[in-house]
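Chain residues, written in single-letter form:
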Amino acid sequence: MLFSEKMNNNTLNFVNIIETNGRVAISKEEYYFGMLKTNADLKYENSGAPALNEKGDLIGMTMSFEAKNKDYAGEAYIVPVNTMIKSAGEIKLYGTKRTPYSGILKITPLKKKFMIEKLHLPNDKCYLIEKIKNNSPANNAGLRKGIGLTKNGYSFGLQGDIIVSIDGLIFDNVKELFYYINSKFIGDIINLQLIRNGILEKINIPVKLGAQI
């Protein structure tokens, strides 16, 4: 159980966390990840209020998006305090949050029915790794690039890795996947669930993110 301070009248409003890995698309071009979703009736202009636990400890900052009317936001979230601390540290040292770097340069969605059947994919939200930078975190972790796609479907993806999920998350499109990686911090480890060489058995490979070169 949490409460957040409404900054306009200094009253306390009790709210519940209803999702611990909130993820919201602000527009077609921007995604936020790692949020705590709440059921608070947070006023749109009060985004940025402190979020406290029942002991009074600061656990994050409220944030709201897409106001449905001029009084209340459509959805309310909490940015976890550990994310705020990391961001503050980066800004203090470098003047901005640096972009983390995986070394994965190109992925291709495998959405066609014959691709899904041939490669035994669990859904249409899997991505073939087609290009990896040498001496990058992805390369050093042992990720393998595929041989590309062919029109007849006989040779695609059979020598490379196919991303099924990252940190247990499934992504609707390529941009969302890369936005997730960019939402992390340098030194963070992401865990990729992969199908390798067209084999149904999935493997997991950790990749420690480096600094953008």
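First, a word on scope: everything that follows refers to the structure included in this document. (Residues numbered from 1 in each chain as written. Predicted model: local features only at pLDDT ≥ 70, side-chain atom pairs only at ≥ 80, totals over all residues. Heavy atoms only, no water.)

1. Details of the nonpolar core
Put simply, the test is: Put simply, buried Ala, Val, Leu, Ile, Met, Phe, Trp, Tyr and Cys residues joined by side-chain atoms within 4.5 Å make one nonpolar core. For every residue, the accessible area (1.4 Å probe, protein chains only) is compared with the maximum for its type, and the residue is labelled buried under 20%, exposed over 50%, or partly exposed between those bounds. Secondary structure elements are taken from DSSP: a helix is a run of H or I of four residues or more, a strand is a run of E of two residues or more, and numbering for both begins at the N terminus. Contact criterion: two residues are considered in contact whenever any of their non-hydrogen atoms come within 4.5 Å of each other.
Formed by 22 residues in total, the largest nonpolar core has its most connected members in Ile-104, Leu-143, Ile-163, Ile-166, Phe-171, Leu-177 and Leu-192. Mapped by element, the contributors of at least two residues to this core are β4 (30–38), β9 (104–109), β10 (127–132), β11 (161–166), α4 (174–182), β12 (189–196) and β13 (202–208). Here Ile-166 is in contact with Phe-171, Leu-177, Tyr-180, Ile-181, Ile-190, Asn-191 and Leu-192, once residues within four sequence places are set aside. Among the nonpolar cores identified, the runner-up in size contains nine residues, and Met-115, Leu-121, Leu-128 and Ile-162 belong to it.

2. Section: the environment of Leu-192
Turning to its location among the elements, Leu-192 is positioned in strand β12. Residue Leu-192 is classed as buried on the basis of its relative accessible area, which comes to 0%. Remark: the alpha-carbon pair of Leu-192 and Pro-206, spanning 14 residues in sequence, is separated by 6.2 Å.

3. Here's the deal with the packing of aromatic side chains
Note the threshold: Note on aromatic contacts: the rings of Phe and Tyr and the six-membered ring of Trp form a pair at centre separations within 6.5 Å, being stacked when their planes are under 30 degrees apart, edge-to-face when over 60 apart, and tilted otherwise.
All told, the structure shown has five aromatic pairs when counted by the stated rule. Judged by centre distance (5.7 Å) and plane angle (50 degrees), the ring pair of Tyr-31 and Tyr-179 falls under tilted. Of this pair, Tyr-31 sits in strand β4 while Tyr-179 sits in helix α4; the two residues are 148 residues apart in sequence, bridging distant segments of the chain. You can call Tyr-31 buried: its relative accessible area is 14%. Here the aromatic rings of Phe-171 and Tyr-180 are separated by 5.5 Å at their centres, their planes lie at 45 degrees, and the arrangement is tilted.

4. Some details on the environment of Lys-111
Put simply, the test is: Whenever a nitrogen or oxygen atom comes within 3.5 Å of another N or O atom, the pair is scored as a polar contact, on the condition that within protein one atom can donate a hydrogen and the other can accept it, and that pairs from neighbouring residues in sequence are kept only if both atoms are in side chains.
With respect to the secondary-structure elements, Lys-111 resides in the loop between β9 and α2 (113–118). Accessibility expressed as a relative area gives 40% for Lys-111, which makes it partly exposed. Residues Lys-111 and Asn-123 lie twelve residues apart in sequence; the distance between their C-alpha atoms is 8.1 Å. Among residues more than four places away in sequence, those in contact with Lys-111 are Ile-116, Asp-124 and Asp-172. There is a polar contact of 3.1 Å between the side chain of Lys-111 and the backbone oxygen of Asp-124.

5. Things to note about unusual backbone geometry
One non-glycine residue, Asn-135, adopts positive backbone phi at about 55 degrees. The topology assignment puts Asn-135 in the loop between β10 and α3 (137–140). Even without being a glycine, Asp-167 presents a positive backbone phi close to 55 degrees. Among the secondary structure elements, Asp-167 is positioned in the loop between β11 and α4. Residue classification places Asp-167 among the partly exposed positions, given a relative accessible area of 28%.

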